[in-house]
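The residues making up each chain are set out below.
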Amino acid sequence: MKFSENWLREWVNPAIKTEELVSQITMAGLEVDEVCAVAEEFTGVVVGQILSAEKHPNADKLKVCQVSDGAETFQVVCGAPNAREGIKVPFAKVGAVLGPDFKIKKAKLRQVESFGMLCAASELGLSDDSDGLLELAESAPVGSGFREYLDLNDSIIDVDLTPNRSDCLSIHGLAREVGVLNQTDLTPVNIVPVEVQIQDTFAVDVQAPQACPRYLGRVIKGVNVKAESPLWLTEKLRRSGVRSIDPIVDITNYVMLELGQPMHAFDLNQLSESIIVRMADEGEKLTLLDGQEISLRADTLVIADKSKPLAMAGIMGGEGSGVSEETQDIFLESAFFAPISLAGKARSYGLHTDSSHRFERGVDAQLQNKAIERATALIVEIAGGQVAPVTEQVSQDNLPKANEVTLRRTKLDQYLAVSISKDQVTDILTRLDLDMVEVTDVHWVTRAPSHRFDIAIEADLIEEVARIYGYENIPANMPTAAVNFTPAAEAQTSIQTMRATLVAQGYQEAITYSFIDKESSLQFVPDVEPVPLENPISAEMGVMRPSLIPGLMKAYLHNQNRQQSRVRMFETGRRFIGSVDALDQLDQQERLAGLIAGTREPEAWYHNSDKVDFYDVKSHIEALFALNDGEMPTYERADVVYLHPGRSAKVIIAGEEVGVFGELHPQFAKSLGCNQTVYLFDLNLEAVLTGKLPVYKVISKFPEVRRDFALLADRETPVASLQKIILDNAGEAFKDVSVFDVYQGQGIDDTKKSVALGLTWQHPSHTLSDEEINKSVEQVLAALEEALGVVVRG
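Summarised in this report is the structure supplied together with it. (Residues numbered from 1 in each chain as written. Predicted model: local features only at pLDDT ≥ 70, side-chain atom pairs only at ≥ 80, totals over all residues. Heavy atoms only, no water.)

Okay, the packing of aromatic side chains next. The tally for this structure, following the rule as stated, stands at 14 aromatic pairs. Their ring planes at 55 degrees and their centres at 5.5 Å tell us that F74 and F91 sit as a pair that is tilted. Within this pair, whereas F74 is found in strand β5 (residues 73-78), its partner F91 is found in strand β6 (residues 88-98), the two being separated by 17 residues in sequence. Taking relative accessible area as the criterion, F74 reaches 17% and is therefore assigned buried. Aromatic rings pair up to connect F614, Y615, Y635 and F661 into one cluster. Taking the ring centre of F42 as reference, the NZ or CZ of R147 above it sits at 4.4 Å. Above the face of the Y349 ring, R297 is positioned so that its terminal group lies 4.5 Å from the ring centre. (Phe/Tyr/Trp six-rings, centres within 6.5 Å; stacked < 30°, edge-to-face > 60°. Helix = DSSP H or I, 4+ residues; strand = E, 2+ residues; numbered from the N terminus. Buried < 20%, exposed > 50% of the residue type's maximum accessible area, 1.4 Å probe, protein only. Lys NZ or Arg CZ within 6 Å of the ring centre and 35° of its normal.)

By secondary structure assignment, the location of Q261 is in the loop between α6 (247-259) and β14 (263-267). There is a polar contact of 2.8 Å between the side chain of Q261 and the backbone oxygen of A335. A polar side-chain atom of Q261 sits 2.8 Å from a polar atom in the side chain of Q368. Setting aside anything within four residues of it in sequence, one finds Q261 in contact with V255, M256, S334, A335, F359, V363, D364, L367, Q368 and A371. (Polar contact = N/O pair within 3.5 Å; in protein donor to acceptor, adjacent residues only side chain to side chain. Contact = heavy atoms within 4.5 Å.)

The next thing to look at is the sheet that holds strand β36 (residues 705-714). Taken in spatial order, the four strands make up an open sheet running β37-β38-β36-β39, and their pairing is antiparallel. Looking at which strands have only one partner, the edges of the open sheet turn out to be β37 (734-743) and β39 (791-792). The pairing of β36 with strand β38 (residues 752-761) spans 10 bridges and is classified as antiparallel. Across the sheet, the residue bridging to D714 is K752, located in β38. Packing of helix α20 (residues 719-729) onto the sheet brings it into contact with β37 and β38, and relative to β37 it is tilted by some 150 degrees. (Pairing = 2+ DSSP bridges. Axes fitted to C-alpha atoms, helices over the stretch in contact; angles between N-to-C directions.)

What follows is about the nonpolar core. Formed by 48 residues in total, the largest nonpolar core has its most connected members in F3, I248 and I379. Judged by nonpolar contacts, the second largest core, of 27 residues, contains I549, L557, V567 and L595. (Core = buried A, V, L, I, M, F, W, Y, C linked by side-chain atoms within 4.5 Å.)

Okay, the environment of R243 next. Summarising the element assignment, R243 is placed in the loop between α5 (231-239) and α6. Considering only alpha carbons, one finds R243 and N253, 10 residues apart in sequence, at a separation of 9.4 Å.

Quick look at the environment of A265 now. With respect to the helices and strands, the residue A265 is situated in strand β14. The spatial distance from the C-alpha of A265 to the C-alpha of I248 is 7.4 Å, given a sequence separation of 17 residues. With residues up to four places along the chain from it excluded, the contact list for A265 reads I248, S321, G322, V323, F331 and L332.

This part covers the pairing of strand β33 (residues 643-653). Alignment of strand β32 (residues 634-637) against β33, held across four bridges, turns out to be antiparallel. Counted as the bridge partner of Y635 is V651 from β33. Two strands pair when backbone bridges link them, and β33 and strand β34 (residues 656-664) are joined in this way by seven bridges, in the antiparallel orientation. Along β34, the bridge assignment pairs S648 with G662. Connecting β33 to the antiparallel partner β34 that follows it, the hairpin turn spans two residues, and A654 within it adopts a positive phi of roughly 55 degrees.

Moving on, we get to the packing of α20 against helix α21 (residues 770-788). α21 packs onto α20 with a crossing angle of 135 degrees between their chain directions and a minimal axis gap of 9 Å. Taken together, α20 and α21 sit at an angle that is classed as oblique. Taken as a pair, α20 and α21 cross one another with a handedness that is right-handed. Where α20 abuts α21, its residues S721, L722, I725, I726 and N729 lie against S776, Q779, V780, A783, L784, A787 and L788. Of the residues belonging to the contact of α20 with α21, the class tally is eight nonpolar, four polar and no charged. (Parallel < 35°, antiparallel > 145°, perpendicular 65-115°, else oblique. Left-handed = near helix turned anticlockwise from the far one by under 90°. Nonpolar A, V, L, I, M, F, W, Y, C, P; charged D, E, K, R; others polar.)

So, to be careful, I would describe these as geometric facts and stop short of saying anything about function.
In structure tokens form, the structure reads like this:
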């Protein structure tokens, strides 16, 4: 909202400069966007009157004017199209300075001398209008200083108000704030009822009392619409960013800016029988004042008469019923419209007006009578007319009720971290026009005034006290509080460490949607019926994911389609299996899933470009389980629909399956459009993060003993099975078993394979003898033959 500082100071005039006033308003929560001078700096400009305007002898578009400053007459050459005899205009005399460095000098234009310059509004920095001379009122005193005449030693302040502070969308509201901040009394205009001269009334029927709880109307007959709005009125409007139209419209706009009550004037002779406040009929047509024809919706409140809609209530009037040059009798409207009934309506029609801006945010429900009396008095003073009594329709049940709010001392001190005296708090609340219902040492019970409908809860009162007391007066102390450290389980790996480990392996963390399409869900997890959403965003997000793999594959294909061939991604999140009918029927397990594809190393000259394989994924998984000194996984052949049947495995921890990994099934890869081999893993996140406390082990100072064996085993026997039997039977001094060769081919049965193992023993307290080692070897070989039919290769 723009307003004139001088206008504000007519209501309240604290002994502070403009800069301090602006800072004060901003710190109180009414942020100032801009402050600018009403006019540029200039000197030597007076009110002049053109006594004559003759055609220039040597130029078609110039005129030679005789201009009076009240004492002397000067010859001035002027090119303005509206230069004519009798008008009063700004006259910059020789020696005048316009702007920073434009000095008016005696000049000769086309061989005719000119002693000064007649000014347009743009040349004085009043506006951008440069179409002609700035014409002044006939009452302007010739010879008086132009700056003093228009009171141009003024500033325009533009305040950006939050939606809850609509009480400050007026000079009265802003003056209230400034008065409270400076403990200065207001000098408001004296509004008294205008004497009724005629008894004419116009019937009002409010059919939508919830949307319009109060409606006031008044007939004023014999107004002179062609009367000239006084300078003080048009200047205040101009400085508030409002264009002068005619005295009736100017006055309604003025009262809106002064008191905060939007008003409207109808041409009484264009109304039929009565005013009806109702909801619009669906599709009803209305041509607005801006010439736009709109089709009304049934949820729109309108002002109508017996035959047609006249205006969109609280937004804009209609073209056919507004005040025109022929208007002689008017019906003046002042109403309260409930904010909820107008919220968003103007925007839904592509409109935004000063009226809708105020009504959407809220107007004082007790202001209408005062506003109509103020507007009536101004109309009679400026445009004349005979005044009829006010017609009022009010629904007390639908008017806003005053909020009673209690402020507790404990809460005030807690939130502000400073103790403000009881008397000071009471003074602040009283100056804010709150009624003090009860004041004690522990609380203040208040009743909010009608213009502060935003004060509804205790926090609102705390905010009011804080901003009036001054945020800058509240000490900036660091908060103190007891810090309770959450104990961290030493056997648990943090998810941050797990993520860092994968990032060190070249992975990037992905975040995909928890919702996927049903087709993808059944493609990757065909044996699980996905959990549907009641209101999905789209068909592609219709079900909750039973696995993280579909989302990762979609992310991979997105990268592949953008020429990213080396991709490593992981994601942590929940998968959803079961039913949402009951929480205990929905399995929301936290999972860790990942994907790799492309070369093992980034492209560089110092290594080759080998592709990743099954064992790369396996090593990454084992690196995760190694973080927490937990049990290392074992592996079994997996049977997962989306993984290659011969290049996939289950991940087993303590005999329990905790995940799977392997190569994407070729058929899946083909149907999805993958252009290279992709490897995936899907793990139970809790199993990855859970380990055991490290236990100190004595480092043996005695030598290791190693025995190597080449064993013949069935081709389908997993090496992990061999390793488990060896670990179970090799004795307490056994340390490690490693596979250093696997052979299948010539000299070996097609159903067999040769596995070369290295077994290592080391005792912590003595050097192992051949007898001890041989005994352990015999136990291992016997157990292998008995359990798996494995023998030493001859």
